[in-house]
Amino acid sequence: MENPAVTAPAEGFFPSLLLVTCGTLLAALLGAAHRLGLFYQLMHKVDETSVRHGGENVAAVLRAHGVRFIFTLVGGHISPLLVACEKLGIRVVDTRHEVTAVFAADAVARLTGTVGVAAVTAGPGLTNTVTAVKNAQVAQSPVLLLGGAASTLLQKRGALQAIDQMSLFRPLCKFCASVRRVRDIIPTLRAAMAAAQSGTPGPVFVELPVDVLYPYYMVQKEMVPAKLPKGLMGRVISWYLKNCLANLFVGAWEPQPEGPLPLDIPQASPQQVQRCVEILSRAKKPLLLLGSQALLPPVPADKLRAAVETLGVPCFLGGMARGLLGRNHPLHIRQNRGAALKKADVVLLAGAVCDFRLSYGRILSHKSKIIIINRNRDDMLLNSDIFWKPQEAVQGDVASFMLKLVEGLQGQMWAPEWAEELREADRQKEQTFREKAAMPVAQHLNPLRVLQLVEETLPDNSFLVVDGGDFVATAAYLVQPRGPLRWLDPGAFGTLGVGAGFALGAKLCQPDAEVWCLFGDGAFGYSLIEFDTFVRHKIPVMALVGNDAGWTQISREQVPRLGSNVACGLAYTDYHKAAMGLGAQGLLLSRENEDHVVKVLRDGQQQCRDGHPVVINILIGRTDFRDGSISV
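About the criteria used
- Residues numbered from 1 in each chain as written.
- Predicted model: local features only at pLDDT ≥ 70, side-chain atom pairs only at ≥ 80, totals over all residues.
- Heavy atoms only, no water.
- Helix = DSSP H or I, 4+ residues; strand = E, 2+ residues; numbered from the N terminus.
- Contact = heavy atoms within 4.5 Å.
- Lys, Arg positive; Asp, Glu negative; His and termini not counted.
- Charge placed at Lys NZ, Arg CZ, Asp CG, Glu CD.
- Buried < 20%, exposed > 50% of the residue type's maximum accessible area, 1.4 Å probe, protein only.
- Pairing = 2+ DSSP bridges.
- Salt bridge = Lys/Arg side-chain N within 4 Å of Asp/Glu carboxyl O.
- Polar contact = N/O pair within 3.5 Å; in protein donor to acceptor, adjacent residues only side chain to side chain.
- UniProt positions renumbered as here; feature names shortened; annotations may be inferred.
- Axes fitted to C-alpha atoms, helices over the stretch in contact; angles between N-to-C directions.
- Left-handed = near helix turned anticlockwise from the far one by under 90°.
- Nonpolar A, V, L, I, M, F, W, Y, C, P; charged D, E, K, R; others polar.
- Patch = residues over 30% accessible without salt bridge, like charges linked within 9 Å, V, L, I, M, F, W, Y side chains within 5 Å.
- Areas by Shrake-Rupley, 256 points an atom, 1.4 Å probe, with all protein chains shown as cover.
- Domains from an automatic or database assignment.
- Buried area = accessible area lost by both parts, 1.4 Å probe.
- Expected span 1.5 Å × (residues − 1).
- Arc of directions from axis to C-beta.

S.K.: Quick question: what am I supposed to make of the overall build of the chain here?
M.R.: The number of helices and strands found in the chain is 26 helices and 17 strands. Each principal axis of the C-alpha atoms in the chain carries an extent, and together these give about 110 × 65 × 50 Å. Restricting the contact set of the chain to residue pairs at least 6 apart, pairs at least 24 apart contribute 76%. Side chains of the chain give 63 positive and 56 negative charges; the mean places of these two sets differ by 2 Å.

Here is the structure:
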């Protein structure tokens, strides 16, 4: 006799297995249907007669976000979006190298507080931008890079210029997305633009495959061959390709919101602000260091300047904060930063980071109370477990914090002797500069004297773009930006080659301003060809090339330490003549006309005002001004 307790489970097993199997199969079918877009196609239509294309959606989002310029080097993968931008009144500016396009977008982002946009073609077009994208990441600049790509069905099949672009840019960008359907262009770009500006700003990347950008009839011709294999396999392939085509374009032209999404900008809490007020109120020798983050939106530069003046604390300005207080402001201390930091009892690092620029924090005194404010937590606490320790670390927007801090201190004043002590040290240091500028050099012109004359000639409406090593580092001591957001350097990444792109972006943003580019002769090699771009687009900028025939910043340490000048030598090249060959104006400064430096500078200014880009090739000798400087 059988035991019912033993047979019952066996009898229920097979129906359960069948149920699980059917459920799994159904779930797989539903998932496949979803991936193929079958459900969406039931509720939306494909307009097979439309000649519209995805590039129009790209341009519409850019216009809705206030984008005025898009920088590019043209390629077939991205042609539709460039044509659409032109039709909507967005100025398309084509450069001679993709890296320049991204540098120009970076400059626009920094100067306008909006997102700068560059578009480049697939494969090598994108790989050419990597340095500029990384530079924007380190500089925390909100840049949108639009990249072409092979069609969705041909990726990983050996298509022209097809590589895994997403893996390349994920480590460099805050946000990366590859658009797979035309209807996804608008929401993806809106999300990318918001991500670029939220939190700690930075670059974002959106990949736009070629079949997402071109119109239906063109994609259909390429995607669905006229002749397909016969039989069942042919019908399956035909259905699959037609469905892929439909899924690409279904719902493509239905109205969607195009404008900006809300931004997420961190703010200091009232409790944190109050604690910082209490620390600073007890200071006798407070010191303020302002970094680039202080100039980020939403606080305008003029409001930040008023807050710093009301605070009344002596300050050093770095990065994009240079020029915030204008020229020769009594609170702005320019020299002897290390000595000042050792003497200060409270140091406020407002957007400044304890990286190599502050000797990883070792430059700070252990006796000082340190307040640090930064949007980025990692930057805020960098090296704090090794060389320094903050009394108060505040994660939030720098300029907003400064306004709240000033309000909390309610006009508190500090003894004027502290600021005067720092100013006196400035005066003594600058006297040594004047003495070095008056010393003769072995050949050509003394660069310090040239830069002093540049400082005297520079107009109040000028922008300074700096790109180079020794000549530019010397200029940082001697030449002062005339106002906020009028100084453009690469930032903490120390990238050579930013000059032409930064100048292009600056001049487009401020067409009535004079853009002066200070180049080392080594760095100028990256930018020379872009004078063709300046000529074609009628962008009058003035380049001053400090030509000492070498990579001097490197040779200063390489020769005494290692006994060789290998790879450091260049030639006194006629850069002004090369620029003339590209259609620009070229001038030469050398010992033969050293009494006419200011006249040559003013001649260059006038030619710029007449609409010509200008290169002034300045033959300079070498001094001991920066001996002992370290370039690693």
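Further notes follow.
S.K.: I keep staring at the pairing of strand E7 (residues 286–290) and nothing clicks. Help me out?
M.R.: Strand residues, when the strand is regular, have side chains that alternate between the two faces of the sheet. Of all 5 residues in E7, 5 are buried, a share of seventy percent or more. In E7, alternate side chains face the same way, and those of Pro286, Leu288 and Leu290 on one face and Leu287 and Leu289 on the other are all buried. Inspection of the sheet shows E7 paired to strand E8 (residues 315–317) by 3 bridges, in the parallel sense. Bridge assignment links Leu290 to a residue of E8, and that residue is Leu317.

S.K.: I would appreciate a short explanation of the environment of Gly483 in the present structure.
M.R.: Inspection of the secondary structure puts Gly483 in the loop between helix H20 (470–478) and strand E13 (487–488). For Gly483, a relative accessible area of 5% translates into the label buried. Counting along the chain gives 181 residues from Gly483 to Asp302, while the straight-line C-alpha distance between them is 9.9 Å.

S.K.: Is there a simple way to think about the side chain of Glu98 in this case?
M.R.: Looking at the element boundaries, Glu98 is found in helix H5 (residues 98–112). Buried charge without a partner: Glu98 forms no salt bridge, and the closest opposite charge is Arg96, 9.7 Å away. A distance of 2.9 Å separates a polar atom in the side chain of Glu98 from a polar atom in the side chain of Asn128.

S.K.: Explanation requested: the environment of Val545 in the structure shown.
M.R.: Position of Val545 relative to the elements: it lies in strand E15 (residues 542–547). For Val545, a relative accessible area of 0% corresponds to the buried category. When the C-alpha positions of Val545 and Leu518 are compared, they lie 6.2 Å apart, and in sequence the two are 27 residues distant. Excluding anything up to four places from it in sequence, Val545 contacts Phe519, Gly520, Asp521, Phe524, Tyr575, Val615, Ile616, Asn617 and Ile618.

S.K.: Explain the UniProt feature "domain: Thiamine pyrophosphate enzyme TPP-binding" (unreviewed entry) in the chain to me, please; I cannot follow it from the model alone.
M.R.: Under the feature "domain: Thiamine pyrophosphate enzyme TPP-binding" (unreviewed entry), the UniProt entry names residues 467–618. Each end of residues 467–618 is marked by a C-alpha atom, and these two atoms are 15 Å apart; helix forms 42% of the span and strand 17%.

S.K.: Looking at this structure, how should I read the packing of helix H18 (residues 416–437) against helix H19 (residues 447–457)?
M.R.: What describes two packed helices is the angle between their axes and the distance between those same axes. Between H18 and H19, whose axes approach to 7 Å, the crossing angle comes to 115°. Relative to H19, the crossing made by H18 is left-handed. Where H18 approaches H19, its residues Phe433, Arg434, Lys436 and Ala437 are matched on the opposing element by Leu448, Arg449 and Gln452. Split by residue class, the contact of H18 with H19 holds 3 nonpolar, 1 polar and 3 charged.

S.K.: Even after reading the chapter, I still don't get the pattern of salt bridges, so can you show me in this structure?
M.R.: For side chains bearing opposite charge, pairing can occur when the charged atoms are close. For the coordinates displayed, the defined rule picks out 24 salt bridges. Of the charged contacts, one joins Arg375 and Asp397 as a salt bridge, the two residues approaching to 2.8 Å between their closest N and O atoms. With Arg375 in the loop between strand E10 (369–374) and helix H16 (377–380) and Asp397 in the loop between strand E11 (392–395) and helix H17 (398–409), this pair connects stretches of sequence that are 22 residues apart. Judged by its relative accessible area of 3%, Arg375 falls in the buried class. Close ionic contact of Arg556 with Asp470 constitutes a salt bridge, the shortest N to O distance being 2.6 Å. Of this pair, Arg556 sits in helix H24 (residues 552–562) while Asp470 sits in helix H20, and the two are 86 residues apart along the sequence. Each member of the salt-bridge network shares a partner with another, and the members are Asp94, Arg96, Asp532 and Arg536.

S.K.: Please explain the UniProt feature "domain: Thiamine pyrophosphate enzyme central" (unreviewed entry) in the chain as it appears in this structure.
M.R.: The UniProt record annotates "domain: Thiamine pyrophosphate enzyme central" (unreviewed entry) at residues 273–403. Between the first and last C-alpha atoms of residues 273–403 the distance is 10 Å; the span itself is 28% helix and 18% strand.

S.K.: Sorry, what's going on with a nonpolar patch on the surface here?
M.R.: A contiguous nonpolar surface patch, about 290 Å² in accessible area, is contributed by Val51, Tyr217 and Met218. Relative to the helices and strands, Val51 is located in the loop between helix H2 (38–43) and helix H3 (54–64). By relative accessible area, which is 59% here, Val51 ends up exposed.

S.K.: Even after reading the chapter, I still don't get the domain arrangement of the chain, so can you show me in this structure?
M.R.: Many authors give the size of an interface as the accessible area that is lost as the parts come together. According to the domain assignment, the chain consists of domain 1 (54–249), domain 2 (270–421) and domain 3 (439–619). With centres defined by C-alpha atoms, the gap from domain 2 to domain 3 works out at 31 Å. Between domain 2 and domain 3, the residue contacts involve 15 residues of the former and 15 residues of the latter. Overall, the association of domain 2 and domain 3 removes approximately 1400 Å² of surface from exposure, summing both partners, and the carbon and sulfur fraction of that is 52%. The partner of Arg327 in a salt bridge is Glu455, and the shortest N-O contact between them spans 2.7 Å. In this structure, the connection of domain 2 to domain 3 is made through 4 residue pairs in polar contact (both at pLDDT 80 or more). Of the residues that constitute the side of domain 2 that touches domain 3, the class distribution is 5 nonpolar, 5 polar and 5 charged.

S.K.: Looking at this structure, I do not really get the side chain of Arg110. What am I missing?
M.R.: Positionally, Arg110 belongs in helix H5. Looking at Arg110, the relative accessible area reads 11%, which means it is buried. A distance of 2.7 Å separates polar atoms of two side chains, one belonging to Arg110 and the other to Asp106. Here Arg110 is in contact with Asn135, Ala139, Ser141, Met320, Leu485, Leu488, Asp489, Pro490 and Phe502, once residues within four sequence places are set aside.

S.K.: Can you walk me through the sheet that holds E13 in this structure?
M.R.: Strands in a sheet are paired, the pairing made by backbone hydrogen bonds, and the direction either parallel or antiparallel. Within the open sheet, the 6 strands sit side by side as E13-E12-E14-E15-E17-E16. Their pairing is parallel. Since the sheet does not close on itself, it has two edges, and those belong to E13 and strand E16 (585–589), each with one partner. Both strand E14 (residues 514–520) and E15 contribute to a ladder of 5 bridges, which runs parallel. Bridged to Gly520 within E15 is Gly546. The strands touched by helix H26 (residues 597–609) within the sheet are E14, E15, E16 and strand E17 (614–619), with E16 carrying the most contacts at an inclination of about 170°.

S.K.: What should I look at first to understand H18 in this one?
M.R.: Turn by turn, an α-helix covers 3.6 residues, leaving residues three or four places apart pointing in a common direction. Across its 22 residues, H18 extends 31 Å between first and last C-alpha, which sits within 8% of the 32 Å expected from 1.5 Å per residue. For H18, the complete set of buried residues consists of Trp418, Ala419, Leu422, Asp426, Phe433 and Ala437. Seen end-on, H18 carries its buried residues on one side only, within an arc spanning 95°. For H18, the exposed residues lying more than 90 degrees away from the buried face are Pro416, Glu417 and Gln428. In the core, the buried residues of H18 are packed alongside E7, helix H15 (337–343), H19 and H20.

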